[in-house]
Each structure stands twice: as C-alpha cells, then as structure tokens.
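Examining the three-dimensional arrangement
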Amino acid sequence: MMLIPCPWCGPRNETEFHYGGQADVPYPAEPQELSDVEWARFLFYRANPKGLFSERWNHQAGCRRWFTVRRDTTTNEIFQDDSHEAVTR
Amino acid sequence: MTGEYRLAEGGRINRDRPVRFRFDGHEYEGFDGDTLASALLANGVHQVGTSIRYGRPRGIASAGPEEPNALVQIEEPFPEPMLTATTVALHDGLVASSLPGQGRLATDPDPARYDAINAHCDVLVVGAGPAGLAAALSAARSGARVIIADSDTEFGGSLLGSDEELDHAPAGRWIDRVTAELRATPEVTVLPRTTVFGCYDDNYLVAVEHRGEDTFTRQRTWHVRAREVVLATGSHERPLVFPGNDRPGTMLAGSARTYVHRYGVLPGHRAVAFTTNDSAYAAAVDLHDAGVEIAAVVDVRPVATTLWTARCVERGIQILTNCAVTGTSGTDRVSGAQISPVPSGDSAPTVASELDCDLLLVSGGWNPAVHLHSQARGTVRYSEEICALVPDRATRGVRTVGAAAGTFTTGECLRTGSEAGSAAARATGFDADPAEVPSSPSGPVTPPQPTWLLPGLSADSDHDQFVDLARDATVADVRKAVGAGMSSVEHIKRFTTIGTAHDQGKTSGLLSSGVIAELLGVEVAQVGATTFRPPYAPVAFAALAGRDRGDLYDPIRVTAMHDWHLAQQCPFENVGQWKRPWYYPRPGEDMDSAVLRECHAVRTGVGMQDVSTLGKIDVQGPDAAEFLDLVYTNKMSTLKVGRIRYGLMCHADGMVFDDGTVMRTDEHRYLISTTSGGAAGVLEWLEDWLQTEWPHLRVHLTSVTEHWATIALAGPRSRDVLARVTSDIDLAADAFPFMSWTDGTVAGRAARVCRISFSGELAFEINVPWWHGREVWDALYEAGSDLDITPYGTETMHVLRAEKGFPIVGQDTDGTVTPHDLGMSWAVSKKKDDFLGMRSFSRADTVRSDRKHLVGLLPPADSAVVPEGTQLVELSELPEPPVPMLGHITSSYRSAALDRPFALALVKSGRDRIGQTVYGHVGDRLVPVEITEPVFYDKEGNRRDG
Ligand SMILES: [Zn+2]
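The rules we used
- Positions within a chain are numbered from 1, following the residues in the order the chain's sequence is written.
- To read the labels, note that chains go from A and ligands from 1, taken in the order they are written.
- Residue-level local features of this predicted model are given only where pLDDT is at least 70; pairs of side-chain atoms are given and counted only at 80 or more, and the full residue set underlies all totals for whole chains, interfaces and linings.
- To get the side-chain values, all heavy atoms of the structure are used, and hydrogens and water are removed first.
- Only nitrogen, oxygen and sulfur atoms within 2.8 Å of the metal, or 3.2 Å for Na, K and Ca, are treated as donors, and water is left out, so sites may look incomplete.
- Tetrahedral means four donors with every angle between 85 and 135 degrees, whereas square planar (four donors) and octahedral (six donors) require angles over 155 degrees between opposite donors and between 65 and 115 for all others; sites fitting neither are termed irregular.
- By the criteria applied, helices consist of DSSP H or I runs no shorter than four residues and strands consist of E runs no shorter than two, each listed in order from the N terminus.
- Exposure categories follow from relative accessible area, calculated using a 1.4 Å probe and restricted to protein chains: below 20% of the type maximum is buried, above 50% is exposed, and the middle band is partly exposed.
- Contacts are assigned to residue pairs that have any heavy atoms within 4.5 Å of one another.
- We define buried area as the total accessible area lost by two parts upon association, computed with a 1.4 Å probe and summed across both.
- Gly is placed with the polar residues, together with every amino acid not listed as nonpolar (Ala, Val, Leu, Ile, Met, Phe, Trp, Tyr, Cys and Pro) or charged (Asp, Glu, Lys and Arg).
- UniProt positions are given in the numbering used here, feature names are shortened, and annotations may be inferred rather than shown by experiment.
- pLDDT is a residue-level measure of predictor confidence that goes from 0 to 100.
- Expected helix span is computed as 1.5 Å times (number of residues minus one).
- Throughout, the arc means that of the directions going from the helix axis to the C-beta atoms.
- Strands qualify as paired when DSSP identifies two bridges or more between them.
- Lines fitted to C-alpha atoms define the axes, with helix axes restricted to the stretch in contact, and inter-axis angles between N-to-C directions lie between 0 and 180 degrees.

1. Considerations on the coordination of the zinc ion
Residues and elements named next belong to chain A. Bound to the zinc ion on the protein side are Cys6 (SG), Cys9 (SG), His59 (ND1) and Cys63 (SG), at distances that span 2.0 to 2.3 Å. Taken together, the four donor atoms surrounding the zinc ion define angles of 103 to 117 degrees at the centre, an arrangement classified as tetrahedral. In the primary sequence, the donor residues of the zinc ion line up as C-x2-C-x49-H-x3-C. Residue Cys6 is located in strand S1 (residues 3-6), and its partner His59 is located in the loop between strand S4 (52-58) and strand S5 (66-72); the two are separated by 53 residues in the primary sequence. Residue His59 is classed as buried on the basis of its relative accessible area, which comes to 1%.

Structure (structure tokens):
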C-alpha cells in the first residue's frame, strides 16, 4: 500500500485516494477547431511508461483535492516535486 | 508422560501441564508447549496423511512453517482446513484429522472474533532469533518505537532448537533477558505468535497474530507502517532429491534437532543422516547424545570436516563420505536406506549397503527466507557459496540480516543483527549504537556441496524422486516439462505445479530450480527462481475480514424515514450503500401484485416515495452559471431563479454518465441533483474540472445529500394531500408551474417544494431538513389516509418512469450511449460555444446512423415480461452462428396502466425500425417484440398539471 503525499494532508494511505491517470493532458483550448484525429488523441491516448510518470490523484476520502505526483512505475517510488504547484497554478 | 519417544527431561515444554487431544480418532496426550506435530511424534505417530496425487503415506518432515506434508484439518474447537501440524500449538480439546488434499470449511458461522489493528513504528523487526533479538535491542535502547514480531510462540528462533551456549550459559538465559528488556521498554511492542506475511509498498507490512482460543480476539491482523524494516526471518533447510525420499520418517535434519531440544521428543530410534553440508552432523551428534542410535552419516562430499569427524569418532558414529542414499525401503515408515558411492558420469550406482533405520535425516543446505525482502521488490541472486538465493539489492528502508541474509553462524547473526538494528534506528533519527552481543562458540560453517540430482540413476526412478512433496511432483514431471521445450522456471512451475501448494515452495522452490538446471545443463543462477508473493504463510480469510463482515462489511446509509419503512416490513434495494424501499407488500401480496397496486395508485390517486437518497450538490459562487454551462449538455445560465431544469452530464467522449435536476436558488447559487449511486463520482468529476482546468472559476461545491430529506408526492390527488398540510404555498398550476420551486411551510416545517415529476403525473417533491424528514413523512401519510395514499418503492418508480420513456442512467445506459442515442437531443444545447462532450457529438463514430437508440418494445399483450438483458435478433429463426445482435433489453416490466408487458431497449438504428418486429432470445425461444416510441403513456404530457 503506497503512502501518497497529499499536498494538503500529508502522506496518507493509498486507499484514501482515487487515481486520475496521466497528468498534464490539458483540455484543448478550441475543441471545435480540432480534427477528429486530434480530438481522439486527446480523448483516448495516454502514455504508459516504464519508469517516471506524472500522474494525477484525488484525495477522495480526505480533502477532495486533485494533485499531481511523479511516480516511478517500476518501484512505486513517489517524488513530490511539483504537486503543490500543480494544484495552485 | 514419558514414553519411548519422549525424553524424561529437557525441552521447553511444560511437563506440569499435560494436554489431551485427538488425532484421526485416537486419544493422545502431549504437553503445553508442544505443537501438534511434536505431540504426535512423542506418541510415535509419524505418518499424518497420504499424498494428494498418489495417495502415498506421508509423515512429518519438518518442525516449522516450511512443512510440505503434515497438513491437518482441525475439527474442534472450530473447523479449520489445511493447517500444518508443525505450526498448530497444542491445546486442550484439540481434535484434528489428517488431510489428503483439500480441506473442509466450516458450515456454521465462526463464533470467534477476529480483529484488525493499525500500527506505526520507527523500526519493525521481523523474526526474533539471534539476529532479530539483537536488532530489536539496539533499536529499542535508542528510544525508537520498535515492533518485533515472530511466528513462533516464544522468541529465540534457531536457538530454541539447539543446545548452543551464549556467554558460556544456555542461550535461553540470554533470550529471556533480552525479551524481558524489550517488554519493559515503553516504546517497544513485542508480538510472539505473529506471522508477518506480506511486505508491500512504502514499508507497509501485514501480519496475523494468533492470540489463542481463550482470548477475546482469536486472531488479529496487524497493518504496520514502518519507517525502517529489519528482516531477520531465518532460513529453511532444503531436502534432497533421491528415490524414495518421501517415506514417513524422512525428516529435515535441523528439524529433528529441534524436536529433541525444544520438545524433548525423539523422532526415531535409529537414524541415517544424508547430507551435503555440516549442519546434519550437529543433528546427528545431538540425537546420538539424546539416545538415538546413528547408523551412519552419509555425506556426498569426498571429505568431511575435521571438527565434525572428530565429534563423530568420539561417539562411534560412522561417516560414509562420497556416498549418497539412493533408495529407501519401508511401507508406512522408512525401515532402511540404500547407500551407494556417489556415481560418476552415467554409470549406475551400486548399492554398497542397506542400513536399517526408522528415521532418515536429510540436509541439502539452507535457503535464506528472502520472501519478505523479495515481496518488497528487493532483488535476489544465487550464491554459489551457500548454494542458495540471497538478498541482492534491497528496497529503501529494508535490511535483511542473519540467516535470511545467508549468515549462518550464531555469532555473526548476533553481530550483524545488532548493527542493523542501530542503523535502522539511526535512519529514523535516533542516536543508536549497536547493543553489545554475547559471545558464541559456534565455529565457521563450511559450504555445502551443490547437489540437486544424483547422477546415474535410471529413468524409472524419476517417479520416486520427489521435488515437491506437497504437490506430489517428481523429477519425472520436471523432465516432462523440460522435454516439452520449457526452460523458464515460471513456465515449469505452472506446468508441474511445483511451489504452488500451501507452503508456496518453501522447501521445493530452489530445489526445482536446481533440478531444472541439471536437466538443462545450465547453471542454477541462470535458471533463477519464481517470484515470491504474499502471503508468506497461509492466512485465514476470517483474519483478513476481521470485523468487516455482516452488518459491518460496508457502511449502510439509511434515510430519515428508514424506521418507518422497516415497520412496513418492506424489502430493500441496495443502491450504492443506500437502503431504498423496493416495494411495500400488503399481506398476501407478492412483488408483482404489490407493484401493480402501487403503480395504479399513483396513476389514479396519490402515492408517496422517499427519494432522499438522490445526490444533492450545492453549487455556489459568482461563476456558478458559467461552470454549469460547461458541465451540462444544456444551458443552465439562462435558468431563472425559482425554476428547475433537467440536465444531462457527459464525459468528454460524449457519453452520458449522470443526470438530474438543476434548481437555481439564487443568482450565484444552484442546487443540483445526481443519481443515488453516482453522487460521489459526480462531485469528484466536478472538482476535477474546477481544480485542474478551470481554477479561475469562482465556484465552490458542497455535498448536501444528507442535509435534505426528500419526499415525492405523486398522482392526480397529490395536490389535495399537500394542500391539507400547507397554507402558505399557492398550489394552483399557474401559480406554481411545472419545473419550478418555492419555499414554504409543510406540516409546520420549513420546506422547499418542487414541481418535478418522474412519473408523468402531477407531483411535488418536498425537501425538509433531514431532522424533520420522518415527521413530515408521517404528516403527509396521515393527511392522505382517506385518499388511500400509497407508499411506493423503487420498483414502482422504475415502472412509472419507463412508461414515460425516462431512462435510468446506468440501467438504460452503459457508458456507450450519447444523449442523441437516448432521443434526448432536446437536452443538448446548440447555443453554447463548448461544454463537456460537445466536440464528440460530431465524431465520425457518434454520427453513425446505425448506432443503438433507446426505443420502446411491446411483446405480445398476453405474454410474460421479457427478461432484462435479453438479446434482440432480426429473424424469427436463428441462423448459423455468429448471429448478428441488434441490441438488448435494458428495462422490462408489466404495466398496470397499459395492462401488458412492455420494455425499453437499445437497438441498432432503433428509431428507424419503429413499427418493425424483432425477436428476443429467451432461453431456447424467440419472442416477437414490436419496436415502438419509448413513451408509452400520456405522450402529450397532459397529466403533469393534474
Ligand atoms: Zn488531502
């Protein structure tokens, strides 16, 4: 069970969180201007790297905040470098 | 009680406390401190069952959790399947039986209590042998919060099974002193009988504590988050592969030594020891000194070590070097061992002698218990030196010491344990020094000679050479796998099932790697080992469940009116964690007749339903209108204060995922409702967009589901009932129009009343603070009693809405359905620049003409209800498969108003097929169904104003 650093509540058990997939996939500024291919890329395409991965978590059973962490998908080691920035930007 | 197998003195058993127990129908006596296995051995019982595939007699092979054979079924005090006799603590009243194969679960509920506890510590020490105790002592003296856990009933580990001395005194004294100091240290938690069985991410370890039959809680699961972990889990002795190596009386040498020293039990009277290393000599010498005749020590090595040779010569024990046991004889128990010189090359071994014995000790070396290290994602490597897997790279915050790290002398275990304990405490910020450790006389340990398969044996003997006793898997099975072209140990494990039994290959895992290596002609290191997975030892589901069963399995959410529903003895439907009344049967009614009556009442009179479970979210802020325009498909910013609009929410892919009503309660404030089961998901979804995409929007969200108790009052007489309990609300249709709300007083309580209808009838939704929910419910019920006001449940609500063609998200939709598919294009704004899902409505896939549409279905009027989930096909007779499917039925009921069955369905190009007949595949029949508009009742909407 991972210990996930919520930027508001501190490290908490993984079971309090809900996973939100890859981070930094911004909603396109002008969706209507995109081709079907470009829109499909936003909707359905996500990275699945072996190694470092920026991903979103929601502290569902806590403060309800969404935040970003970087996790090594091979070791589950979490780096809390940019999470606070991601929430408050 | 002493007998031919119990020594007159010695051991750590309590001879003042005899214990009576039954095994396979026979009464026996043992002592407090015995395991079931040691007590059976003390009574001369070696065979404890038969093997799973071949039904061969099998005996007790070890003295610990690595036991592959001695599986027992506990009958009393409470049935438990598949425990190893070597780990069952003997207690009064124990009744057990041998278990060939699968165990039997209890049919009665377990009356014992199981519990869970969470703990945090600086240093968790797993294992309380010499290394673990020394580690715990070092860490504890620094003031760090320490937990030390060990599977065994008492601390000491390997020291309990030997006569070793520490500081020139029996080791027990040091164990007792350290244990006492640990117990007396306030920040230390001492956990005997506690098996740490899982090591997960970020030093989250799970253990089960066996607290005994007389305690308040029989077993307790510990969830420990440790900053640092010291693994001092010891090692398991490895058996040897040779023909007839499964006969009862064949026992790991170290285990036999344990039976002598710890339990005062002689596992036999005349023993042969077959070994590849020094440790079996210690067993042979100790057994000899305890009165067992040692027929010979058979050593595959060309030369025995000087020290052990001397000790054997002193005692007259014969050593046969460069020899192997190449066969055994006996029926239910070993009676003799065939000894051959180790054959070289392909020449068949010649039996030089046969030695009579009733005990055959074996030792193929020792496997460090690297299970937890490996579970924590530490890597292991094969050590040529000790012929076993040892920890290689460790995970952060995990240290392995002692025999678990391949360190086999007591002195080194003590020293490295002490150092690891202080290093772990230092890593957590404590000023720790290694505690001083006692002196140990144990000398150096010479490495074993790698021995996996004896050369030169005939292929016939493959079937008699067992690699995994628990799975009855032999060299023949491995040879078959290798012959089929397998070379990966993971594949061979699955093909042969080696290592998949209750013991998870504690004795057979590496042994099989060695055999595979020999058969493939490669190094063992190349073959490697299979993955170590939790649990380290079997754990009862009851322990994992703890108190989370029955009523406590999951939170139960009930409404303010729940007690009233209970009093009606209505069945409940589970909606998420909510309990919702399903229908309210009157005496003699079944579900169908109750629902028909309830539907009829709402269509012709008045009904009432508790709809408090609908999710409610308070949306506040200057940008609330803009926000809701983005998340609903229709426009909410144009909604006037006082009005209500139905809304659909879609994911960005354009698929419907929730629906509900939106009330504008103020210029900057809305109250939105969600489906009962979807409330939490919708809130998380809205928060996601607010926090990560539109943080500039000044909007705040609060769940107010439990703030409002909500009562739906529906039917042509609903206005009459409400009028009797309110005086400050004008209920006339023009003063209080459909899809509007007003505040007022209902039954003397402040209420917010809405004109919303989910049935098509004139209806009101009365919201009052939760606290007043029951009171207002009672008042409405009372007020409508002369009109036969009829409480109705979710089933009637479903029928009534289906008659109106209103879909239920999650029942009539499944995440692949757009608003257009539902025929709800009217709820999709064409005036907005963007909203979630909008772009997807013009994707090639969503504009296909053959998408599935929500349509109505009419089976023949006199037919039965066609089951939900029924697949629909084009033709009245099934063609050869594959049969093209048109869609399926999503909702299906009998209608009181129509007096016939009807259904909703998702059908390919459904709206273009209206009027056509398709066929529902029910059992082995095809039922004709006519495709219709989805609205069956009051298409014009004449009834909503009453
Ligand atoms: Zn939080």
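Once the structure has been displayed, the description carries forward.
2. Some words on the interface of chain B and chain A
In this complex, chain B contributes 30 residues to the contact, which on the side of chain A involves 29 residues. Here chain B and chain A share an interface that buries about 2600 Å² over both sides, 42% of which is from carbon and sulfur atoms. The largest share of the area that chain B buries against chain A comes from Glu684, Gln691 and Arg839 of chain B, three residues that together contribute 28% of it. Counting residues per element, the ones that place at least two in the side of chain B that touches chain A are helix H17 (679-693) and strand S38 (700-703) of chain B. In terms of residues, the side of chain B that touches chain A owes the most to one element, H17 of chain B, which gives eight residues. Class assignment for the residues of the side of chain B that touches chain A results in eleven nonpolar, five polar and 14 charged.

3. As for the UniProt feature "domain: SoxA A3" (unreviewed entry) in chain B
With numbering matched to this structure, UniProt assigns "domain: SoxA A3" (unreviewed entry) to residues 464-547 of chain B. End C-alpha to end C-alpha, residues 464-547 of chain B measures 47 Å, and it is 45% helix and 6% strand.

4. Some remarks on the UniProt feature "domain: Aminomethyltransferase C-terminal" (unreviewed entry) in chain B
If you check UniProt for "domain: Aminomethyltransferase C-terminal" (unreviewed entry), the listed places come out as residues 852-938 of chain B in our numbering. Between the end C-alpha atoms of residues 852-938 of chain B there is a gap of 25 Å, over a span that is 0% helix and 48% strand.

5. Points about the confidence of the model for chain B
It should be kept in mind that the predicted coordinates are not to be read in detail where pLDDT is low. In the predicted model, chain B carries a mean pLDDT of 95, and 100% of its residues have values of at least 70. At the level of chain-chain contacts, confidence expressed as ipTM amounts to 0.93, with global pTM at 0.91.

6. A look at helix H3 (residues 171-184) of chain B
Residues and elements named next belong to chain B. Under the 1.5 Å per step criterion, the end-to-end length of H3 is 20 Å for 14 residues, consistent within 8% with the ideal 20 Å. Those residues of H3 that fall on the buried side of the exposure criterion are Ala171, Gly172, Trp174, Ile175, Val178, Thr179 and Leu182. Each buried residue of H3 sits inside an arc of 160 degrees when the element is viewed along its axis, so together they form one side. The exposed set on the far side of H3, more than 90 degrees from its buried face, consists of Arg173, Arg177 and Ala184. Where the residues of H3 are buried, they touch helix H2 (130-141), strand S9 (146-149), strand S10 (165-166), strand S11 (169-170), strand S12 (188-191) and helix H8 (410-427).

7. Quick word on the sheet that holds strand S34 (residues 615-620) of chain B
All names here are of chain B. Read from one edge of the open sheet, five strands run S35-S36-S37-S34-S38, paired in antiparallel fashion. The open sheet has two free edges, formed respectively by strand S35 (644-650) and S38, since each of these has just one partner strand. Pairs of neighbouring strands in the sheet enclose a mean axial angle of 30 degrees, with direction left out of account. Examined bridge by bridge, S34 and strand S37 (residues 669-674) share six bridges and lie antiparallel to one another. Its bridge partner lying in S37, Ile617 is registered against Ile672.

8. Description of the sheet that holds strand S21 (residues 323-330) of chain B
Residues and elements named next belong to chain B. On the basis of which strands lie adjacent, the open sheet formed by three strands has the order S21-S22-S23 and antiparallel pairing. Each edge of the open sheet is held by one strand with a lone partner, namely S21 and strand S23 (353-356). Each strand of the sheet is rotated relative to its neighbour by a mean of 30 degrees, with strand direction disregarded. One ladder, built from four bridges, connects strand S22 (residues 334-341) with S23; its direction is antiparallel. The residue bridging Gln338 from the neighbouring strand is Glu354, located in S23.

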